[in-house]
Amino acid sequence: MSTPNVWTGARRRIHMQEVGPRDGLQNEAAYVATVDKIALIDALSDAGLAKIEATAFVSPQAIPALRDAEIVLREIRRKPGIVYTCLVPNVRGAERAIDAKADELNLVMSCSETHNIANLRMTREQSFNALSDVMALARQANVPVNVSLSCVFGCPMEGDIDPQVVFDWAARFADAGARGITLCDTTGMAYPTQVSALVRDFRSRFGSLETTLHFHNTRGMGLANVLASIEAGADRFDASLGGLGGCPYAPGASGNVCTEEIVQALELMDFDTGCDLKALIDAAERLPALVGHDIPSQIVKAGRRLDLHQPPKDFAIWRDRALAR
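Read on for a plain summary of the structure. What you see is a predicted model; the values in this text were computed from it and never measured.

Parameters and conventions
Residues numbered from 1 in each chain as written. Predicted model: local features only at pLDDT ≥ 70, side-chain atom pairs only at ≥ 80, totals over all residues. Heavy atoms only, no water. Helix = DSSP H or I, 4+ residues; strand = E, 2+ residues; numbered from the N terminus. Rg over C-alpha atoms; globule rule 2.2 N^0.38 Å. Buried < 20%, exposed > 50% of the residue type's maximum accessible area, 1.4 Å probe, protein only. Contact = heavy atoms within 4.5 Å. Areas by Shrake-Rupley, 256 points an atom, 1.4 Å probe, with all protein chains shown as cover. Lys, Arg positive; Asp, Glu negative; His and termini not counted. Charge placed at Lys NZ, Arg CZ, Asp CG, Glu CD. Polar contact = N/O pair within 3.5 Å; in protein donor to acceptor, adjacent residues only side chain to side chain. Disulfide = S-S within 2.5 Å.

Some details on the overall build of the protein
Summing up its helical and strand segments, the protein has 14 helices and eight strands in all. Taking 2.2 N^0.38 as the reference for a compact globule, 325 residues should give roughly 20 Å; the C-alpha atoms of the protein span a radius of gyration of 21 Å, in line with that estimate. Once the C-alpha set of the protein is aligned to its principal axes, its extents read approximately 80 × 55 × 40 Å. Counting over 325 residues, the protein shows a buried share of 50%. Look at the contacts in the protein between residues 6 or more apart in sequence, and 75% of them connect residues 24 or more apart. Total accessible area on the protein is roughly 14800 Å²; 53% of this is exposed by carbon and sulfur atoms. If you average the places of the 33 positive and of the 40 negative side-chain charges in the protein, the two averages end up 4 Å apart.

Digging into unusual backbone geometry
Not every positive phi belongs to a glycine, and Asn142 is a case in point at roughly 60°. Looking at where Asn142 falls in the secondary structure, it is placed in the loop between α6 (124–141) and β5 (145–150). Under the relative-accessibility criterion, Asn142 is labelled exposed at 68%.

Notes on the side chain of His214
Tracing the backbone through its elements, the reader meets His214 in strand β7 (residues 210–214). For His214, the side chain forms a polar contact with the side chain of Asp23, separated by 3.4 Å. Setting aside residues no more than four positions away along its own chain, His214 makes contact with Val19, Asp23, Thr182, Leu183, Cys184, Asp185, Asp238 and Asn256.

What to know about the state of the cysteines
Here a disulfide denotes one covalent bond, and it connects the sulfur atoms of two cysteines. Taken as a whole, this structure holds zero disulfides when the rule is applied. The thiol of Cys111 is unpaired, and the distance to the nearest cysteine sulfur, on Cys151, comes to 7.7 Å. Residue class for Cys111 comes out buried when judged on its relative accessible area of 2%. Unpaired in terms of disulfides, Cys275 finds its nearest cysteine sulfur in Cys258, a separation of 12 Å. A relative accessible area of 12% means that Cys275 is categorised as buried.

Worth remembering: the numbers are spatial, not functional.
Below you can see the structure in the form of structure tokens.
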């Protein structure tokens with residue numbers, strides 16, 4: 001019997017999760033005003049995303065761009081069915097997020113020891129112990145936890161990461177009570193065959209976990225990696241409006257996979273993203289004025305596939321001449 005074609009048949013639901021308000025804006029030199037952040041998230045809510053990472057409860061000295069986290073999370077217009085998640089690095093951040101009514105806490109740790117020390121100033125074991133305290137607090141408050149594992153597909157300082165390392169850390173966090181795990185391609189080192197194999201193996205081991213894929217387009221393989229993940233059974237993806245974001249350990253790199261580009265590609269392939277592409281593009285068009293520079297999004301520049309254009313002004317003349325021949 002032949003294997004069914006994953007790209008045909010009934011529309012399969014793909015859950016799109018927006019990380020731009022946190023992962024995108026935290027990297028920007030320009031401070032986006034609180035009122036503009038709130039308006040942007042409200043526009044994203046109207047666009048039909050499954051989850052929105054609204055902000056991060058981190059030290060204002062460390063990430064001044066997100067110093068208004070409490071106000072943003074309290075004043076956005078929450079839409080039923082959308083999960084409003086927030087990144088928290090420690091117990092104090094978790095306390096702030098819980099007090100501001102976060103729907104979910106997103107915790108981060110790297111699968112690479114070198115990257116974890118460079119990025120978080122802790123060993124992986126120290127990070128796990130600190131995050132275990134956060135998870136205990138979240139359980140008391142009845143707030144779900146997602147854990148984002150960085151450098152799953154490679155570390156820019158160590159190279160390839162053994163998949164078993166990924167599985168071991170995922171298992172420890174699952175045992176500690178995590179509802180979901182995000183597999184992060186932090187510096188855009190992933191490639192499709194690698195992604196497909198790891199996602200299949202991960203899902204076979206952790207089928208009860210809500211599994212998300214988080215890709216960067218650093219080397220132009222973001223969409224290919226999304227499609228490879230879908231073929232391997234994944235259905236939940238992080239993406240960033242306008243393609244904003246990046247990582248300090250991938251100098252000159254582009255940002256996260258672009259929300260509106262991924263949505264257009266999947267919709268054209270007859271997947272159900274639940275998203276309003278025009279609303280996403282309208283929201284992305286706000287970004288250059290907010291961040292003070294152009295954005296990577298090709299859809300914002302070129303428009304949707306069937307956004308048609310008028311013929312040239314002299315078209316009628318050349319048409320008539322052609323027909324008269």
